[in-house]
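Chain residues, written in single-letter form:
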Amino acid sequence: MFWEQLLNGLTLGSTYALIALGYTMVYGIVQLINFAHGEIYMFGAFAGLILVSFFGFNLIAAMLVAMLFCMLLGILVERIAYRPLRGKSSRLSALISAIGVSIFLSTLMALMAGTNTHRYPEVIAHQTYHLGSLDLSLMQILILAVSALLMIGLQFMVQKTRIGKAMRACSQDLDASYLMGINVNRVISFTFAVGSALAAAGGVMVGVYYNAVWPYMGMMAGLKAFAAAVMGGIGSIPGAMIGGLSLGIMEIMGVAYLSSSYKDAIAFGMLILVLLIRPQGLMGQKISKKV
Amino acid sequence: MNALDATLTQYIDPYYLRIMILLGINIILALGLNLITGVTGQLSMGHAGFMSIGAYTSAILSMQFGFSYLMALLTGAAVAAFFGFLIGIPTLRLEGDYLAMVTIGFAEIIRVFFLNFEPGGRAVGLSGIPQHTNFITVWLIALIIIALNTRLLKSRMGRAFYAIRENEIAAASTGIDTTRLKILAFTAGSFLGGLGGGLYSHYMYYINPQDFGFMKSIELLNMVILGGMGSIPGTILGSFILTLAPEMLRIVAEYRLLFYGALLVILMIFRPNGILGDVRIYDLKKRWGRKEVKTCQS
């Protein structure tokens, strides 16, 4: 029972982590809570659904194309709604702009697809493997494997490649990076693209796993993922991964052992508790402030 | 609808009367959030949580315990203020977006609590609340709140609030007790949140936990930021625009929220500091004064 729940928690948590990475990367560079991120995740889930049901793509191909689509969407959103504001306004104005985009995108999808819940056709065999006393479904294995692959890939990109180095530089000091000849705008666009692609992968997998896709699915998922990013220490990439996994596990454990009607309250309650003990999040660094 | 509003509807269309009452309630709520976020600079994204505490407490008190309208409103607001005080304590340690997350989390916990709260009718909501709120009470309270707010922000304490927003460390080093003032701002702001909630529940007849979700908090935050952070005329203007905009946009029917979202983005692109963000009424008076002088000379 316990191990079963732990596995379910890890599965849920790795999808939270995929979305949380987008929040934390964008935050690390431009200090913006990108509230439209949950909607990008929702668009990813819908893009996958359309590709699978109307164009007969298999799951992996649909996921890749959905990721590509959301990359473009992420870049577009940044170009239209955030870039004109950068540098000449407070961070809160950018936040309102992000909320505007979020409302716009979810309404747009509700107009196009209706507010009903859509279901994925059967894209993956309902096969379960037994590992000792543990039942592993094929979809769970896929979610865990794809998330792990994407996160390792991301970590490699950030630590070892040239653009990753530029991203790290920008997250330390945007102005200084600009003076060092880094094309800051391109790095920011790239960050939005990568974050959106990860969210799209999460969206497609959640859509298949829970067999439900609807236009307002982005809001709660976005809030939880933001909570995960904050819990891990916002701006820290390993923090988002750990925050996502622990939030998923806490939520599933809370439902299993405490009460299912308080599902969302448990997740947020744990988050508040973590922040009271460690105000900078699990992996965040304490920055001493000066005038 | 009570007698007073019935008389008023002879002169004003009931639809407009309703919008004006909701506008008054929104102004009270937004002024509360303005104290926390606009003036003191502590980003709170869970104001609807305080609103729901006030709404439920006062509704239950006047329905089941026979409290008078005023007593129910004040008790509801006081309970909300108490929770604001509780939330104010972590602000000692958290800042910026960590604080925003705690307020979101707190409001979500409150919502889930009311979804499972037996005396509040669980997910079905609470209906049959006596409809005491009318045009006169709402606007009387709103005007008192506006006046008190204006006095407060011009006082020594109000300036200390602004100082915390501008630079907390510098404020602390000039001898401002930032901890005490931040808690005070949270308590006062959530008192207004609870008061607005009580007015709302005694106007709407029926309340439901979904009325006070994350989107309501965001709507209130939009009102504060859109008009111009920390400015009372700005907050009133923001409440005015965002209460009216959804009604005006009814002509575009199902595209309403689409336009609403786009409107937020466009307003922020063209007025990044809020509509009245970099305009001060004092400067306007001076500029108009100068123009008059010029016309005299020419």
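The rules behind each value
Residues numbered from 1 in each chain as written. Chains lettered and ligands numbered in written order. Predicted model: local features only at pLDDT ≥ 70, side-chain atom pairs only at ≥ 80, totals over all residues. Helix = DSSP H or I, 4+ residues; strand = E, 2+ residues; numbered from the N terminus. Buried ≥ 20, exposed ≤ 12 C-beta atoms within 10 Å, placed from the backbone. Contact = placed C-beta atoms within 7 Å. Arc of directions from axis to C-beta. Axes fitted to C-alpha atoms, helices over the stretch in contact; angles between N-to-C directions. Parallel < 35°, antiparallel > 145°, perpendicular 65-115°, else oblique. Left-handed = near helix turned anticlockwise from the far one by under 90°. Nonpolar A, V, L, I, M, F, W, Y, C, P; charged D, E, K, R; others polar. Expected span 1.5 Å × (residues − 1). Pairing = 2+ DSSP bridges. UniProt positions renumbered as here; feature names shortened; annotations may be inferred. Core = buried A, V, L, I, M, F, W, Y, C linked by C-beta atoms within 7 Å.

K.L.:
I'd like to hear about the overall build of chain B, residue by residue, with values.
P.N.:
The number of helices and strands found in chain B is 13 helices and two strands. The 298 residues of chain B split such that 48% are buried. Long-range contacts, defined here as pairs at least 24 residues apart, represent 78% of the contacts in chain B between residues at least 6 apart.

K.L.:
Can you tell me about helix 7 (residues 156-166) of chain B, naming the residues and giving the values?
P.N.:
Residues and elements named next belong to chain B. Listing the buried residues of helix 7 in full gives Ala160, Phe161 and Ile164. All buried residues of helix 7 fall inside an arc of 105 degrees around its axis, so they share one side. In helix 7, the exposed positions that point more than 90 degrees away from the buried face belong to Arg159 and Glu166. Elements in contact with the buried residues of helix 7: helix 2 (14-39), helix 8 (168-173) and helix 9 (178-204).

K.L.:
Which residues make up the packing of helix 9 (residues 217-232) of chain A against helix 5 (residues 96-115) of chain B, and what values go with them?
P.N.:
Interhelical geometry of helix 9 of chain A versus helix 5 of chain B gives an angle of 135 degrees and a closest axis separation of 10 Å. Our classification of the angle between helix 9 of chain A and helix 5 of chain B gives oblique. The handedness of the crossing between helix 9 of chain A and helix 5 of chain B is left-handed. Residues Leu223, Phe226, Ala227 and Val230 of chain A of helix 9 of chain A form the contact with helix 5 of chain B, whose participating residues are Asp97, Tyr98, Met101, Ile104 and Gly105 of chain B. Of the residues belonging to the contact of helix 9 of chain A with helix 5 of chain B, the class tally is seven nonpolar, one polar and one charged.

K.L.:
Run through helix 10 (residues 214-227) of chain B, naming residues and quoting values.
P.N.:
Its 14 residues place the ends of helix 10 of chain B 20 Å apart at the C-alpha level, agreeing with the 20 Å of an ideal helix rising 1.5 Å per residue. Counting buried positions over the 14 residues of helix 10 of chain B gives twelve, a clear majority of the element. Inspection of helix 10 of chain B places Lys216, Ser217, Ile218, Glu219, Leu220, Leu221, Asn222, Met223, Val224, Ile225, Leu226 and Gly227 of chain B among the buried residues, and these make up the whole buried set. Considering only its buried residues, helix 10 of chain B is in contact with helix 4 (91-113) of chain A together with helix 2, helix 3 (47-64), helix 5, helix 11 (232-248) and helix 12 (256-270) of chain B. Looking one or two residues beyond helix 10 of chain B, the residue adopting positive phi is glycine 228 of chain B, at roughly 130 degrees.

K.L.:
Describe in detail the interface of chain A and chain B, supporting the description with residues and values.
P.N.:
Facing 39 residues of chain A, the contacting portion of chain B comprises 35 residues. Those elements that provide at least two residues to the side of chain A that touches chain B are helix 4, helix 9 and helix 11 (263-277) of chain A. If you tally residues by element for the side of chain A that touches chain B, the top one is helix 4 of chain A, at twelve residues. Among the residues forming the side of chain A that touches chain B, the class breakdown is 27 nonpolar, eight polar and four charged.

K.L.:
How would you summarise the pairing of strand 2 (residues 134-137) of chain A if you had to cite specific residues and measurements?
P.N.:
Residue and element names in this part refer to chain A. Where strand 1 (residues 128-131) lies against strand 2, four bridges are found, and the strand directions are antiparallel. Bridging across to strand 2, leucine 131 finds its partner in leucine 134. Between strand 1 and strand 2, which pair antiparallel in sequence order, lie two residues; one of them, glycine 132, sits at a positive phi of approximately 65 degrees.

K.L.:
For unusual backbone geometry, give the residues involved together with the corresponding values.
P.N.:
The phi angle at asparagine 211 of chain A is positive, at roughly 55 degrees, despite the residue not being glycine. Relative to the helices and strands, asparagine 211 of chain A is located in the loop between helix 8 (184-209) and helix 9. In the Ramachandran plot, tyrosine 205 of chain B falls in the positive-phi region, its phi being about 75 degrees despite a non-glycine side chain. With respect to the element layout, tyrosine 205 of chain B can be found in the loop between helix 9 and strand 2 (206-207). Judged by the 15 C-beta atoms lying within 10 Å of it, tyrosine 205 of chain B falls in the partly exposed class.

K.L.:
Residues and numbers for the UniProt feature "transmembrane region" (unreviewed entry) in chain A, please.
P.N.:
All names here are of chain A. UniProt marks residues 12-33, 40-57, 94-113, 138-158, 187-210 and 265-283 with the feature "transmembrane region" (unreviewed entry), using the numbering shown here. When the span residues 138-158 is considered, its composition is 100% helix and 0% strand, and the gap between its end C-alpha atoms is 30 Å. Helix makes up 96% of residues 187-210 and strand 0%. Its end C-alpha atoms lie 34 Å apart.

K.L.:
Let's hear about the nonpolar core: which residues, and what values?
P.N.:
All names here are of chain A. In terms of nonpolar packing, the biggest core is built from 185 residues, with Cys70, Ala200, Ala201 and Ala227 touching the most fellow members. By residue number, the principal contributor to this core is helix 8, which donates 14 residues. The contacts of cysteine 70, once residues within four sequence positions are left out, are Ile40, Phe43, Gly44, Ala47, Ser196, Ala197, Ala199 and Ala200.

K.L.:
I'd like to hear about the packing of helix 3 of chain B against helix 9 of chain B, residue by residue, with values.
P.N.:
All names here are of chain B. Across the interface, helix 3 lies against helix 9 with an axial gap of 6 Å and an inter-helix angle of 50 degrees. Taken together, the axes of helix 3 and helix 9 are oblique relative to one another. Crossing of helix 3 over helix 9 shows right-handed handedness. Residues His47, Phe50, Met51, Ser52, Ile53, Gly54, Ala55, Ser58 and Ala59 of helix 3 touch helix 9, and the partners they reach there are Ser190, Gly193, Gly194, Leu195, Gly196, Gly197, Gly198, Tyr200, Ser201 and His202. Looking at the contact of helix 3 with helix 9, its residues break down into seven nonpolar, twelve polar and no charged.

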